[in-house]
Amino acid sequence: MKKLVSLMLALAMLLGCLSALAEEIPYYTVTSDIYDIFPLEDDTITLEVYSQLANYNGLQTGWSAALLKDLFNVEVVIIPDMDGTYETRMANGNLGDLVIWGDNGADYQQAVEKGMLLNWDDLYDDEHSYVELYAPYVAANYGDALATNRSISGDGNCYGYGFNVALERGSHQSFMYSWDLRWDLYKQLGYPEIKNLDDLIEVFKQMKAIAPTDELGNEAYAASLWPDWDGNMVMYVKALATAYYGYDELGFGLYNPNNGEYYDCLGMFDSATGAALAQPTNDTPYIEMLRFFNKLYREGLLDPNSMTQTYDEMGTKVKNGGVYWGIFNYASSMAYNTQDHLEAGKMMYSRLPDEANPIVYGMSTLGGNRVWSVGAYTAYPELCLAIMDYLSTPEGSMTMWYGPRGLTWDYNEQGGMYFTELGKKTSTDSKYDMNGIVWTSPYTGKQYTLSGTYNDGSLQINNTTLSKDMVNPDGKLGEAFNKDYWVSEQAAATYEIQEDWRNWAAANVTSDTPISLSDQYFEALHRYTIMPDVPYSETPKSDELKVKWDQCAKAITTNSWRAIFAKADGEFNMHLMNMRNQCKAYGFAECDAWVRGEAAKKWQLTQEQLAVGN
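All of the points below concern the structure found in this document. This one's a predicted model, so the numbers in the text were calculated from it and none came from an experiment.

Describing the nonpolar core
By size, the foremost hydrophobic cluster in this structure holds 103 residues, and its most contacted members are Trp179, Phe293 and Trp325. A total of nine residues in this core trace back to one element, the largest contributor, which is helix H23 (residues 543–564). Sequence-distant contacts of phenylalanine 293, that is, excluding residues within four places in its chain, are made with Leu225, Tyr236, Val237, Leu240, Leu302, Trp325 and Ile564. Counting 70 residues, the second largest nonpolar core, distinct from the first, contains Ile25, Trp63, Cys158 and Trp372.

Quick look at the packing of H23 against helix H24 (residues 569–586)
Two elements in contact, H23 and H24, have axes whose closest approach is 9 Å; the angle formed by their N-to-C orientations is 180°. With respect to H24, the element H23 is oriented roughly antiparallel. Contacts from Lys548, Gln551, Cys552, Ala555, Ile556, Asn559, Ser560, Arg562 and Ala563 in H23 reach Phe572, His575, Asn578, Met579, Gln582, Cys583 and Tyr586 in H24. Across the contact of H23 with H24, the residue classes break down as eight nonpolar, six polar and two charged.

Digging into the packing of aromatic side chains
In the structure shown here, the tally under the stated rule is 56 aromatic pairs. Note on tryptophan 101 and tyrosine 108: the rings are 5.7 Å apart at their centroids and 80° apart in plane angle, and the pair reads as edge-to-face. Relative accessible area serves as the criterion here: at 0%, tyrosine 108 is assigned to the buried category. Considering the side-chain rings of tyrosine 245 and tyrosine 247, the 5.6 Å spacing of their centres and the 15° angle between planes classify their relative orientation as stacked. Taking relative accessible area as the criterion, tyrosine 245 reaches 28% and is therefore assigned partly exposed. The ring of tryptophan 594 is capped by lysine 541, whose NZ or CZ atom sits 4.4 Å from the centre of that ring.

Notes on the sheet that holds strand S7 (residues 248–250)
Read from one edge to the other, the open sheet built from three strands follows the order S7-S8-S9, with strand pairing classed as antiparallel. Of all strands in the sheet, those bounded by a partner on one side alone are S7 and strand S9 (262–264). Neighbour-to-neighbour, the strand axes of the sheet open up by a mean angle of 30°, direction not taken into account.

Describing the pairing of strand S13 (residues 371–374)
On S13, burial covers both faces: Val371 and Ser373 on one face and Trp372 and Val374 on the other are all buried. In this sheet, S13 lies alongside strand S4 (residues 98–100) in antiparallel orientation, the contact comprising three bridges. Paired with leucine 98 across the strands is valine 374, a residue of S13. Direction of pairing for strand S5 (residues 161–162) relative to S13: antiparallel, over a ladder of two bridges.

Quick look at helix H3 (residues 62–72)
Since the α-helix packs 3.6 residues into each turn, any two residues three or four apart lie on the same face. Burial analysis of H3 places nine of its eleven residues in the buried class, which makes it a mostly covered element. Within the sequence span of H3, burial applies to Gly62, Trp63, Ser64, Ala66, Leu67, Leu68, Asp70, Leu71 and Phe72.

Cut-off values and rules
- Residues numbered from 1 in each chain as written.
- Predicted model: local features only at pLDDT ≥ 70, side-chain atom pairs only at ≥ 80, totals over all residues.
- Heavy atoms only, no water.
- Core = buried A, V, L, I, M, F, W, Y, C linked by side-chain atoms within 4.5 Å.
- Buried < 20%, exposed > 50% of the residue type's maximum accessible area, 1.4 Å probe, protein only.
- Helix = DSSP H or I, 4+ residues; strand = E, 2+ residues; numbered from the N terminus.
- Contact = heavy atoms within 4.5 Å.
- Axes fitted to C-alpha atoms, helices over the stretch in contact; angles between N-to-C directions.
- Parallel < 35°, antiparallel > 145°, perpendicular 65-115°, else oblique.
- Nonpolar A, V, L, I, M, F, W, Y, C, P; charged D, E, K, R; others polar.
- Phe/Tyr/Trp six-rings, centres within 6.5 Å; stacked < 30°, edge-to-face > 60°.
- Lys NZ or Arg CZ within 6 Å of the ring centre and 35° of its normal.
- Pairing = 2+ DSSP bridges.

Everything listed here is a matter of coordinates, which is why it stays silent on function.
Given below as structure tokens:
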């Protein structure tokens, strides 16, 4: 009995300690005087957010609208970067209140030059700058990222910082190019060999034979593409080259981070020297992947709507089981692997071809090229910085990824992250209906009745602050923000189909530890290329070069899609020839010379960073 009482007392003390530990992770509080300037009881303020990354146009709704109203008494109107938007807003002399950049190149540089962005280093009072007073978390923790912005802004001042900041230096982010395959179908086929892309096509043919339609009776395909994100090239084509060879997109081609070589998409110049070739080569990563998708089309394995559908339409097909494969985790396994599918023994997960060598992006304290900034002519610079500061904290970052703390996720007694029952649903189904859910704010105690789907409520700015793969400094278990690495998720019940993949992965890699996640699988294979995160900023193009560039981009994307849907080799080659001839006439040689200069710049920055151990 004494031993039992002692054990119970010890347990009570332990629970008390654990509870105290959880209390050490307080909810976010505003540390500036922002409420003195903009009291929460005043009329709601409307902020315009011009985001070059947004896919949404209009008033932010849903749970993040309730959160911003609660914390800052604001509503935000999202303005995406459609044709002419940037030029119009620059001409009108006001980019917006919050300004989010797709990259730190010409548009950003011009905005700095024209005085269109708030200088965060300007003194707000006699002693403190804007960033020190109204973005104190950023000022204290984002020093390298702020310094990087000063170095690329041309005048030595700070106008913001880039995305995906790590608070400590690390190796690399998680593997976005996950090579997800319908694992239940692959298992049914007996795990056939996949050495290369030709083997992959043969597997697709077999999958089509055993699963020709989706859950709604519509025809199923190996791949389903979308044109929304096309730029200088067809996005999915160049991305497959990145996923297969480890080369990163750069201009009108692909850059090899291992040696600095650049491969133009048309095969018109030597990859090492840049000299014009007497005869163009078809042996380029981009053309190889163009042929791969054409093969899929001619085998009846490519969604015929790939050239015209939206990303959301493609995503619906994935969720309905109408797609066997995808190279991006967010467009395949993350969409398909719902609880219903897993319980039914269905899953999409990683199966890397034996000869593939995907890229993975380096993690550093410098920040990436997608810049958070504030418009110079906003009436609310303090408020804009305060909002940005909240989003830059661990709690703000977690909220952008997973929803409001306390409603969809929180910290447990051990100081580890976990999903609530609602969070388990929203984390696996972005379209989960939030209508009627009552959220009680832990910040003000006010109650809000939510509306729309979880995805509707996600902050439509579409940028990140902290790197998702870094360790959460607020947590107590050394967990990364990425939910796949939470102890609570690792301990969650697994499904038979997940165990099947894990058993297969363990048998096909060399590893001293069990394989339970795709990242562990990739690490154990030892076949990937790290793209270093360097403080690179694109060199501005001349007006003449911009015209040539836009013409070449249009010719490349238009003729690439035509080549993908060619019915025979002759037709494919005709579209390839037209692409080259048109680009040559438009001035592709000048564009290529500019890109090769950028490749040399990246390579030099990489060498400099390696030299100082970054």
